[in-house]
Amino acid sequence: MFEESLARLKAEGLYRTLWRVDSPQGPRIRIGGRDLICLASNDYLGLAGHPALKAAASRAVTEWGTGSGASRLLSGSSRLHAELEEEIADFLGCEAALLFNSGYAANTGVLSALAQRGDRIFSDALNHASIIDGCRLSQSEITVYKHSDVNDLENKLKVNICSGVRWIVTESVFSMDGDVAPLPGIVELAGRYDAHLYLDEAHAMGWMGRKGRGAASHFGLEDRITLRMGTLGKAFGSFGAYVAGGRELIEMLINRARPLIYSTALPPAVPAASSAALALIRGEEGERLRVSLDRNLSALAEGLESMGFLRVSRETPVFPVILGSAKKAVQVAEDLLEQGIFAPAIRPPTVPEGTSRLRFSVMATHTPEEMERVVSGLRKALNRAEGDR
Ligand SMILES: *Cc1c(COP(=O)(O)O)cnc(C)c1O
């Protein structure tokens, strides 16, 4: 039935398949019997395999079993869920926090619950698919502004008057480019044009800002952001997501957010692991891991810059190596794989047409030698790709 569509994807270099990983997450993973440097994980602090998280999860399984049994509104809302929410609210200095089963569920559920008919969402052009889908599911008007362009945002705020509530939605660290949103400018506009800010900290939480509190903390703008969302499956090395903000907002979400109401709660072992991760992130170990991450991303940034891959924000662990066509990106990714480096090509529709790329994610647990191997491996792969043309 889909033969033609699949054939077309293959011809365009856009066909996707799943990998089969034979090892736990880590700076190195095993695929097809080979040991590879992994640049394709968002486990930035290397916590997914940390003994403290594993111990917390195992303890929870022993005490609480595997499944949560039901939605949070029925029997699925364990003490472990509630404690993690309190810990996150305390960590972020918010009145309350609410867990979701994933970042995808949080963005679709929260945006569709908050923005109603008559409201308007102003959304960054490069926002994540889960934000786009949340906007689509909401009954509100949507205005897309140019990526991180505060002038364009201001123009759009000026001309798009609406009777209801105005929301500005942006990621803090963009997932595919690793650049940081101009939050001070955005917050200033939100104040001037009476809009609320919804901030997706998926790629900032845990490593950026004071003690890993995210970009809002990095810029000292915590009080100016209505809702902060973040994932627990990336730098937290666990799974799930949260939103944090005022108590009334959280109460409204408990009453309205469909992915929360109509989906089985996270298994208790998951919030248990997330709580263990948060304790590490707030503590000395988190500090130590953030220093290692910083060392690694500086080394990689220097290496890539020497090859002409410049970028806007030097200080984040997400490095786009933009190559243009999907075919070239796939070719370079395959070459790297041959050299023992795992960084699959990222192609449309995940990124805009003509900006296919490799996306290198750095982890605190990589070694300086691994960063050097990545830089020299990329240099070789690019030379070979040029030679083929
Ligand atoms: C990964 C990601 C999400 C989704 O989070 P999951 O917990 O993986 O579902 C949402 N927003 C952004 C910006 C992301 O990168």
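Remember, predicted model here, so these are calculated numbers, not experimental data.

Cut-offs and rules
Residues numbered from 1 in each chain as written. Predicted model: local features only at pLDDT ≥ 70, side-chain atom pairs only at ≥ 80, totals over all residues. Heavy atoms only, no water. Helix = DSSP H or I, 4+ residues; strand = E, 2+ residues; numbered from the N terminus. Rg over C-alpha atoms; globule rule 2.2 N^0.38 Å. Buried < 20%, exposed > 50% of the residue type's maximum accessible area, 1.4 Å probe, protein only. Contact = heavy atoms within 4.5 Å. Areas by Shrake-Rupley, 256 points an atom, 1.4 Å probe, with all protein chains shown as cover. Lys, Arg positive; Asp, Glu negative; His and termini not counted. Salt bridge = Lys/Arg side-chain N within 4 Å of Asp/Glu carboxyl O. Polar contact = N/O pair within 3.5 Å; in protein donor to acceptor, adjacent residues only side chain to side chain. Near = heavy atom within 4 Å. Domains from an automatic or database assignment. Buried area = accessible area lost by both parts, 1.4 Å probe. Nonpolar A, V, L, I, M, F, W, Y, C, P; charged D, E, K, R; others polar. Phe/Tyr/Trp six-rings, centres within 6.5 Å; stacked < 30°, edge-to-face > 60°. 1 Å grid on protein atoms, 1.4 Å probe; cavity = no way out; pocket = protein on both sides within 12 Å on 5 of 7 lines; lining within 4 Å. Points joined across faces, edges and corners; volume = space filled by probe spheres on them.

### Examining the overall build of the protein
Within the protein one finds 14 helices and 13 strands. What you see for the protein is a C-alpha radius of gyration of 21 Å, in line with the 21 Å of a compact globule of 389 residues. C-alpha extents for the protein along the principal axes are approximately 60 × 55 × 50 Å. Considering the protein as a whole, with its 389 residues, one finds that 53% of them fall into the buried category. Here the analysis covers contacts within the protein between residues at least 6 apart in sequence; of these, 71% occur between residues at least 24 apart. Put simply, the protein shows about 17500 Å² of open surface, and 52% of that area lies on carbon and sulfur atoms.

### A word on the side chain of Arg213
Its place among the elements puts Arg213 in the loop between β7 (195-200) and α8 (215-218). Buried within the structure, Arg213 lacks any salt-bridge partner; Glu222 is the closest side chain of opposite charge, at an N-O distance of 5.9 Å. A polar side-chain atom of Arg213 sits 2.6 Å from the main-chain carbonyl oxygen of Phe91. With near-sequence residues (within four places) excluded, Arg213 lies in contact with Phe91, Leu92, Glu201, Met205, Met208 and Arg228.

### Some details on the site of the ligand
Close to the ligand lie 13 residues; Gly103, Tyr104, Asp200, His203 and Lys234 are nearest. Between the ligand and the protein, one listed contact pairs an oxygen atom with a backbone N or O atom of Tyr104 at 2.9 Å. In this structure, an oxygen atom belonging to the ligand sits 2.7 Å away from a side-chain N or O atom of Lys234. Surface burial for the ligand is 84%, taken as the share of its 380 Å² of free accessible area covered by protein chains.

### Re the domain arrangement of the protein
Annotation of the protein at the domain level lists domain 1 (10-39 + 284-387) and domain 2 (51-282). Spacing between the C-alpha centres of domain 1 and domain 2 amounts to 27 Å. Opposite the 20 residues of domain 1 that make contact, domain 2 presents 16 residues. Summing both sides of the interface, domain 1 and domain 2 together bury roughly 1400 Å²; the carbon and sulfur share of this comes to 58%. On the domain 1 side of the contact with domain 2, Arg290, Val318 and Arg359 bury the most area, a combined 33% of that side's loss. The salt bridge involving Arg357 is made with Asp177; its shortest N-O contact spans 3.2 Å. Counting across the interface, domain 1 meets domain 2 through seven residue pairs in polar contact (both at pLDDT 80 or more). Where the side of domain 1 that touches domain 2 is concerned, the elements lending two or more residues are α12 (284-306), β10 (318-324) and β13 (356-361). Looking at the side of domain 1 that touches domain 2 element by element, the count peaks at five residues for α12. Tallied by class, the residues present in the side of domain 1 that touches domain 2 amount to nine nonpolar, four polar and seven charged.

### Remarks on the packing of aromatic side chains
Across all of its chains, the model carries one aromatic pair by this definition. Here the aromatic rings of Trp19 and Phe342 are separated by 4.9 Å at their centres, their planes lie at 90 degrees, and the arrangement is edge-to-face. Within this pair, whereas Trp19 is found in the loop between α1 (3-11) and β1 (28-31), its partner Phe342 is found in strand β11 (residues 341-342), the two being separated by 323 residues in sequence. Classification of Trp19 by relative accessible area gives partly exposed; the value is 46%.

### Some words on the layout of surface pockets
For the largest pocket, the calculated volume is near 1400 Å³. Those elements that place two or more of their residues in the lining of the largest pocket are α5 (129-137), α13 (326-338), β11, β12 (345-346) and β13. With five residues, α13 is the single largest residue contributor to the lining of the largest pocket. For the lining of the largest pocket, a count of residues per class yields 25 nonpolar, 11 polar and 10 charged. Three or more residues apiece are contributed to the lining of the largest pocket by two domains, here domain 1 (10-39 + 284-387) and domain 2 (51-282).

### Considerations on the environment of Ile121
Structurally, Ile121 can be placed in strand β4 (residues 120-124). What makes Ile121 buried here is its relative accessible area of 0%. The spatial distance from the C-alpha of Ile121 to the C-alpha of Leu45 is 33 Å, given a sequence separation of 76 residues. If we ignore the near neighbours within four places in the chain, the residues touching Ile121 are Ala115, Cys135, Ser138, Ser140, Glu141, Ile142, Thr143, Trp167 and Val169.

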